[in-house]
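Secondary and tertiary structure notes
Below are the chains, spelled out letter by letter.
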Amino acid sequence: MTDRIRNTARCAAEPPDTENPGTSASDDARLLDRIRHGDESACEALVRQHAGRMLAVARRFLRTEEDSADAVQDAFLSAFRSLAGFEGNSTLGTWLHRIAVNVCLMRLRTRSRSREVLIDDLLPTFDETGHHSRPVRQWEDQALARLTQAETCSHVRACIDRLPDPYRQILLLRDIEELDTKQTAHHLGIDAGAVKTRLHRARQALRTLLEPLVFGEDTWLATEPQGIDRRW
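Computed from a predicted model, the values in this text were never measured in an experiment.

Rules of the game
- Residues numbered from 1 in each chain as written.
- Predicted model: local features only at pLDDT ≥ 70, side-chain atom pairs only at ≥ 80, totals over all residues.
- Heavy atoms only, no water.
- Helix = DSSP H or I, 4+ residues; strand = E, 2+ residues; numbered from the N terminus.
- Buried < 20%, exposed > 50% of the residue type's maximum accessible area, 1.4 Å probe, protein only.
- Contact = heavy atoms within 4.5 Å.
- Areas by Shrake-Rupley, 256 points an atom, 1.4 Å probe, with all protein chains shown as cover.
- Core = buried A, V, L, I, M, F, W, Y, C linked by side-chain atoms within 4.5 Å.
- Phe/Tyr/Trp six-rings, centres within 6.5 Å; stacked < 30°, edge-to-face > 60°.
- Salt bridge = Lys/Arg side-chain N within 4 Å of Asp/Glu carboxyl O.
- Expected span 1.5 Å × (residues − 1).
- Bend = angle between axes of the 7 residues up to and from the residue.
- Polar contact = N/O pair within 3.5 Å; in protein donor to acceptor, adjacent residues only side chain to side chain.
- Arc of directions from axis to C-beta.
- pLDDT = per-residue confidence, 0-100.
- Axes fitted to C-alpha atoms, helices over the stretch in contact; angles between N-to-C directions.
- Parallel < 35°, antiparallel > 145°, perpendicular 65-115°, else oblique.
- Left-handed = near helix turned anticlockwise from the far one by under 90°.
- Nonpolar A, V, L, I, M, F, W, Y, C, P; charged D, E, K, R; others polar.

**Points about the overall build of the chain**
Counting secondary structure elements, the chain contains 10 helices and zero strands. Along the chain, from the amino end to the carboxyl end, the secondary structure elements read α-α-α-α-α-α-α-α-α-α. Of all 232 residues assigned to the chain, the portion counted as buried reaches 42%. Taking the intrachain contacts of the chain between residues at least 6 apart in sequence as the baseline, contacts between residues at least 24 apart amount to 72%. As displayed, the chain offers around 12700 Å² of accessible surface, 49% of which is attributable to carbon and sulfur atoms.

**Section: the nonpolar core**
One finds Phe61 and Trp95 to be the most contacted residues of the largest nonpolar core, which totals 51 residues. At the level of elements, α2 (25-36), α3 (40-61), α4 (65-82), α5 (92-109), α7 (150-161), α8 (165-176), α9 (181-188) and α10 (192-214) are the ones that each hand at least two residues to this core. Ranked by residues supplied to this core, first place goes to α5 with 10 residues.

**Let's talk about the packing of aromatic side chains**
For any two aromatic rings, the description comes down to two numbers: the centre-to-centre distance and the angle of the planes. Within this structure, the stated rule accounts for two aromatic pairs. Ring centres 6.3 Å apart and planes at 25° place the aromatic pair phenylalanine 76 and phenylalanine 80 in the stacked group. On the criterion of helical spacing, the pair formed by phenylalanine 76 and phenylalanine 80 is a turn pair, its members being four residues apart in helix α4. Residue phenylalanine 80 is classed as partly exposed on the basis of its relative accessible area of 28%. Taking 4.8 Å as the distance between ring centres and 40° as the angle between the ring planes, the aromatic pair formed by phenylalanine 86 and tryptophan 95 counts as tilted.

**Brief notes about the pattern of salt bridges**
Following the criterion strictly, the structure yields 10 salt bridges and no others. The salt bridge partner of arginine 157 is aspartate 161, with a shortest N-O separation of 2.9 Å. Residue arginine 157 and its partner aspartate 161 are located together in helix α7, separated by four residues, close to a single helical turn. The class of arginine 157 is buried, set by a relative accessible area of 11%. Where arginine 203 meets aspartate 175, a salt bridge forms, and the shortest distance between an N and an O atom there is 2.6 Å. You can see arginine 203 sitting in helix α10 and its partner aspartate 175 sitting in helix α8, a full 28 residues away along the chain.

**Some points on α10**
Over its 23 residues, α10 extends 31 Å from the first C-alpha to the last, a length consistent with the 33 Å expected when each residue adds 1.5 Å. Its maximal kink placed at threonine 208, α10 deviates by approximately 35°, while the proline proline 212 follows within four residues.

**Quick word on the side chain of aspartate 175**
Since its relative accessible area comes to 0%, aspartate 175 is described here as buried. Of the polar contacts made by the side chain of aspartate 175, one reaches the side chain of arginine 203; its length is 2.6 Å.

**Notes on unusual backbone geometry**
Positive phi outside glycine occurs at glutamate 178, with the angle close to 60°. Mapped onto the elements of the fold, glutamate 178 is located in the loop between α8 and α9. Owing to a relative accessible area of 52%, glutamate 178 belongs among the exposed residues under this scheme.

**Some words on α9**
Those residues of α9 that sit buried are Thr181, Thr184, Ala185, His187 and Leu188. Projection of α9 onto a plane perpendicular to its axis shows the buried side chains occupying an angular sector of 160°, all on one side. Exposed side of α9, more than 90 degrees from the buried face: Lys182 and His186 are the residues found there. Contacts from the buried residues of α9 go to α5, α8 and α10. Taken from the residues just after α9, glycine 189 is the one with a positive phi, measuring 70°.

**Observations regarding the confidence of the model for the chain**
The predicted coordinates of low-pLDDT regions are not to be read in fine detail. Averaged over every residue, the pLDDT of the chain is 77; the share at 70 or more is 65%. The low-confidence segment residues 219-232 (pLDDT under 50) makes 29 contacts with residues lying over four places distant or belonging to another chain.

**Quick notes on the packing of α8 against α9**
Here α8 crosses α9 at 140°, and the two axes come no closer than 10 Å. When the interaxial angle is binned, α8 and α9 end up oblique. Pair α8 / α9 crosses with right-handed handedness. Along the contact surface, α8 presents Gln169, Ile170, Leu173 and Arg174, while α9 presents Thr181, Thr184, His187 and Leu188. Grouping the amino acids of the contact of α8 with α9 by side-chain chemistry returns three nonpolar, four polar and one charged.

Printed below as a string of structure tokens:
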């Protein structure tokens, strides 16, 4: 079931982007050397090669094209200021991806959100005998197929967006950006145990939000858990 939730989350992401296949470590080194020597055309080349991929990353974290474009601009500015510290331990594209993710996370932390759901409202509950207090329906393959259709992906993303930021960030980093636990912990400044706990809760909450959509219930928006502001 965990794999099914993870794959469902990924359906909300844009198709994966790849770095320019024509670049290599030596190409990166030459480009960086030109930038460090003040070659403006090299700066433009860097932006052309990586802006599309970085914009796709920003769109997965932020809601509007304007916010995403601003985040990419901030990420490039940060990268240019930090070039002296780039030691080449990773590819240039990986380094820029890390900067873009950090910029997006900073933007998420500094803005208020009006449509969050209380995470406890979305987690399984149990009665005094230890059994689920609400029936748990199995996600059959036919039902899951709905979530791979293009017209439902926007709804999946909308459900992800309703999660409280700490859980939404974990889901985006682990299940969409596909960072490992250690990388995610580093980005968020928390320990690996907290990453695993939040990810488990985030997937459970996402499952609750997606159930009406999975089972083809036309009223899935009308049956949102209490606490969601549909006017947002």
